[in-house]
Amino acid sequence: QVQLVESGGGLVQAGGSPRLSCTASGRAFWTNAMGWFRQAPGKERQFVAQINWSGANTYYADSVKGRFTISRDNNKITVYLQMNSLKPEDTAVYYCASKRLADSNMSPTAFGSWGPGTQVTVSS
């Protein structure tokens with residue numbers, strides 16, 4: 001089991017470039033794939049990005065590809081989401097999540113551990 005806590009959210013102007021962090025505890029972090037999801041009011045939780053245990057393989061939703069970058073520092077037991085060129089439609093609560101395998105299943109149900117989320121609000 002991995003315990004996760006996100007940070008770095010807040011109010012950002014359109015075009016801004018904040019970085020979210022997710023700090024983990026628990027032995028499984030070093031071997032688990034990590035992901036970022038987001039959920040806007042009234043909408044379902046949406047996959048954003050995934051990274052495998054080593055950081056060598058990443059996968060992105062089409063809506064953020066080329067603007068967001070997921071990375072991890074296993075020494076700091078932290079995963080990051082660098083967000084560039086933010087748009088108002090990126091406004092959501094952003095969640096960090098963990099799963100055992102870096103497979104192609106990006107459904108929220110494939111991820112077993114979740115952080116409480118951090119709000120990102122993009123003003124136009």
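For the structure, check the block above.
Since this is a predicted model, take the numbers as computed values, not measurements.

Chemist: Sorry if this is basic, but what is going on with the pattern of salt bridges here?
Modeler: When the charged atoms of two side chains lie near each other, side chains of opposite charge can form a pair. Counted by the stated rule, this structure contains 4 salt bridges. The residue D90 makes a salt bridge to R67 at a minimum N-O spacing of 2.8 Å. Here D90 is found in the loop between β8 (78-83) and β9 (92-99), whereas its partner R67 is found in the loop between β6 (58-60) and β7 (68-73), with 23 residues between them in sequence. The pair formed by D90 and R67 is uniform in burial state, with each residue classed as buried. Salt bridges sharing common partners tie together R38, R67 and D90.

Chemist: Is there a simple way to explain the nonpolar core in this structure?
Modeler: If you look at soluble globular proteins, the nonpolar side chains tend to sit buried side by side. Counting residues in each nonpolar core, the largest one holds 32 residues, and the members touching the most others are W36, L81 and Y94. Counting only elements with at least two residues in this core, the list comes to β3 (19-25), β4 (33-39), β5 (46-51), β7, β8, β9 and β11 (118-123).

Chemist: I'm lost on the state of the cysteines in this one. Help?
Modeler: Counted according to the given criterion, the structure contains 1 disulfide. Note on cysteine connectivity: C22 is disulfide-linked to C96, with sulfurs 2.1 Å apart. Handedness of the C22-C96 disulfide follows from its S-S torsion of about -80°: it is left-handed. With C22 in strand β3 and C96 in strand β9, the pair connects residues that are 74 residues apart, well separated along the chain. Accessibility assignment for this pair places C22 and C96 in one class, buried.

The rules behind these values
Residues numbered from 1 in each chain as written. Predicted model: local features only at pLDDT ≥ 70, side-chain atom pairs only at ≥ 80, totals over all residues. Heavy atoms only, no water. Salt bridge = Lys/Arg side-chain N within 4 Å of Asp/Glu carboxyl O. Helix = DSSP H or I, 4+ residues; strand = E, 2+ residues; numbered from the N terminus. Buried < 20%, exposed > 50% of the residue type's maximum accessible area, 1.4 Å probe, protein only. Core = buried A, V, L, I, M, F, W, Y, C linked by side-chain atoms within 4.5 Å. Disulfide = S-S within 2.5 Å.

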